[in-house]
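Here's the letter readout for the chains.
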2 protein chains.
Amino acid sequence: MPAQNRPSSSGRSLEHPDRAEIRLEGVLHALSDPMRLQIVCDLAAVEGELNCSVFDLPVSKSTTTHHFRVLRESGVVRQIYRGTAKLNALRRDDLEALFPGLLGAVLTAAGHQASRLGVPS
Amino acid sequence: MPAQNRPSSSGRSLEHPDRAEIRLEGVLHALSDPMRLQIVCDLAAVEGELNCSVFDLPVSKSTTTHHFRVLRESGVVRQIYRGTAKLNALRRDDLEALFPGLLGAVLTAAGHQASRLGVPS
DNA sequence: CAGTTCGTACGATAGCCCTCGTAGTACGAG
DNA sequence: CTCGTACTACGAGGGCTATCGTACGAACTG
């Protein structure tokens, strides 16, 4: 639907690292937190952009904001405002260009580990 | 070569996590430190076991010991004593079985980043 | 405008982690 | 046995980080 031009990209803007600024250690550190790893997995599962609030994390709102900031500043996700919500998307292209296969390997590993540690569903 | 039976595995033993105990977050955290990432890269480059002291790290000996312990306790490396020295080897098999492709992707990424950030040699 | 929803900013706390120096243990050589 | 080498253990300091609560701002709905 082309009618969906961004009604409000709003004045608010967020700082993202340039592709060349992304550091491997930063990405690994960002992914080494269980909370953030889960966020990335969820994000990868839907192949699209997700509102911050759809994640059912067992932490407060402030903490959630903090984790999203870490992911954004390390170059793992891209965030844009859309009205009152903030959309999140994996930076697949950039990560694949810089560290080929890394994101896929991590996601696969997380999946394997989840089933290995017993996820009934 | 069968002639190389271990002359002194010595009484000292070190605790290693079982393969099933290795956690992805732990591995990622271990690799997210520049010092440890370099150790792993060096270790991968020689395809064999390396004495702790061959690494020329810009930190004190105590700190080096600390990093090797983190790598061992997270399941990334295996360490054995041999006389006064301690040999280190990557746990390639275990990591590949648990997280296929992960180690390779990280090593490749580290290599790419090193050349991207300008390593003359 | 008033109200609601969504996310941020700030301050505070507690815990972890990297670093170090010093002292100590294990092993091999002389 | 004595010495040197290789690594560890312990304690401490300084910084980062995960967490929270509360107060605030920005945008849509009426």
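Definitions and limits used
Counting starts from 1 at the beginning of each chain's written sequence and moves along it residue by residue. Following the order in which they are written, the chains are lettered starting with A and the ligands numbered starting with 1. Reporting in this predicted model follows two pLDDT cut-offs: at least 70 for local features of residues, and 80 or more for side-chain atom pairs to be given and counted; totals over whole chains, interfaces and linings ignore these cut-offs and use all residues. Working from all heavy atoms in the structure, the side-chain values ignore hydrogens and water. Labels follow the DSSP assignment, with helices taken as runs of H or I lasting at least four residues and strands as runs of E lasting at least two, numbered in each case from the N terminus. In this scheme, a residue with accessible area under 20% of its type's maximum is buried, one over 50% is exposed, and one in between is partly exposed, where area comes from a 1.4 Å probe on protein chains only. Here, two residues are considered to be in contact whenever any of their heavy atoms come within 4.5 Å of each other. The length a helix should cover is 1.5 Å for every residue beyond the first. As used in this structure description, the phrase polar contact means that two N or O atoms lie within 3.5 Å; if the pair is within protein, one of them must be able to donate a hydrogen and the other to accept it, and residues adjacent in sequence are counted only when both atoms belong to side chains.

Participant: Give me the lowdown on the overall build of chain A, citing residues and values where you can.
Facilitator: Each helix and strand counted, chain A has five helices and three strands in total. Listing each helix as α and each strand as β along chain A from the N terminus yields α-α-β-α-β-β-α-α. Scored against the burial criterion, the 121 residues of chain A give a buried share of 40%. Taking the contacts inside chain A whose residues are at least 6 apart along the sequence as the reference set, 69% of them involve residues at least 24 apart.

Participant: Any details on the environment of A:Leu107? Residues and values, ideally.
Facilitator: Residue and element names in this part refer to chain A. Mapped onto the secondary structure, Leu107 falls in helix α5 (residues 102-116). With 70 residues separating them along the chain, Leu107 and Leu37 place their C-alpha atoms 8.7 Å apart. Discounting residues that sit within four places of it in the chain, Leu107 has contacts with Val40, Cys41 and Ala44.

Participant: So what about helix α2 (residues 34-46) of chain B? Which residues, and what values?
Facilitator: Residues and elements named next belong to chain B. Here α2 spans 19 Å end to end across 13 residues, near enough to the 18 Å set by a 1.5 Å rise per residue. Sitting at the head of α2, Asp33 places a side-chain oxygen 2.8 Å from the backbone nitrogen of Met35. Downstream of α2 by one or two residues, Glu47 has phi in the positive range, about 60 degrees.

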